[in-house]
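The primary structure of each chain is shown beneath.
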Amino acid sequence: MNGRLWTVHGTLEWRTPATEDDFEHDVAAGYVPGVVMLVLITVLVVALIAWMPVNVVVPGWLLLILTLAILFFPARWAVRRPWTLIAETGDDGEGEPTERWMGTIRGYFSARTEIARIAKEISQDTQPSYEGILKPLT
């Protein structure tokens, strides 16, 4: 071990980071399609409830299944967001790290696993592996 203290952390990205491979195929309209779908589902649910006859009895388990089905896709979207992972060490006197490695991975659970793997690599080899998702910046 060379005595350097490393900081390894990840940050959630709400927008998918653009890469040079994605430049020609980037046709994302931002958050507008998600908002339109949410409004459409809300209107359909309200219409279903408003036009339901008074004497119809809806079982509780059916409401639970419908609620879970409606919440599945937003939950999946939130869990599958990209994460930027950063490993940095040192201080050049101005608070900036002297060595910084950065990479992107998709998914909360994948990010946690990768952070643990990076920390293990650093403890064994004194730096992140070149074969992992992190690439040196400085």
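Above this text is the structure in question.
As the structure is a computational prediction, the values presented were derived from the model and not from experiment. (Residues numbered from 1 in each chain as written. Predicted model: local features only at pLDDT ≥ 70, side-chain atom pairs only at ≥ 80, totals over all residues. Heavy atoms only, no water.)

Considering unusual backbone geometry
- Despite not being glycine, T126 shows a phi value in the positive range, around 70°.
- Counting through the fold element by element, T126 comes out in the loop between helix 3 (108-125) and strand 4 (135-136).
- Here T126 falls in the partly exposed class, since its relative accessible area comes to 22%. (Helix = DSSP H or I, 4+ residues; strand = E, 2+ residues; numbered from the N terminus. Buried < 20%, exposed > 50% of the residue type's maximum accessible area, 1.4 Å probe, protein only.)

Some points on the pattern of salt bridges
- Throughout the structure, instances matching the rule amount to three salt bridges.
- Here R100 and E88 are joined by a salt bridge, their closest N and O atoms 3.7 Å apart. Here R100 is found in strand 3 (residues 99-106), whereas its partner E88 is found in strand 2 (residues 82-89), with 12 residues between them in sequence.
- A salt bridge links E121 to R117, with the shortest nitrogen-to-oxygen separation between them at 2.0 Å. (Salt bridge = Lys/Arg side-chain N within 4 Å of Asp/Glu carboxyl O.)

Description of helix 2 (residues 60-79)
- The first and last C-alpha atoms of helix 2 sit 27 Å apart over 20 residues, in line with the 28 Å expected at 1.5 Å per residue.
- When the local axis directions of helix 2 are compared, the greatest deviation, roughly 35°, occurs at F72, which is followed within four positions by the proline P74. (Expected span 1.5 Å × (residues − 1). Bend = angle between axes of the 7 residues up to and from the residue.)

Some details on the sheet that holds strand 3
- Spatial strand order, 1-2-3-4: four strands in an open sheet with antiparallel pairing. Each having just a single partner strand, strand 1 (6-12) and strand 4 make up the two edges of the open sheet.
- Taken together, the eight bridges between strand 2 and strand 3 define a ladder with antiparallel strand orientation. Of the residues in strand 3, the one forming a bridge with T89 is E99. (Pairing = 2+ DSSP bridges.)

Some thoughts on the nonpolar core
- Ranked by size, the top nonpolar core spans 10 residues in total: W6, W83, L85, A87, W101, I105, A111, I118, I122 and L134.
- For this core, the secondary structure elements donating two or more residues are strand 2, strand 3 and helix 3.
- Apart from residues lying up to four places away in sequence, A87 is in contact with W6, T7, V8, E99, R100, W101, I118, I122, P128 and L134. (Core = buried A, V, L, I, M, F, W, Y, C linked by side-chain atoms within 4.5 Å. Contact = heavy atoms within 4.5 Å.)

Some thoughts on the side chain of E88
- Its relative accessible area of 19% is what places E88 among the buried residues.
- Setting aside its immediate chain neighbours within four residues, E88 contacts L5, W6, T7, H9, P97, E99 and R100.

Bear in mind that shape data such as this cannot, by itself, settle questions of function.
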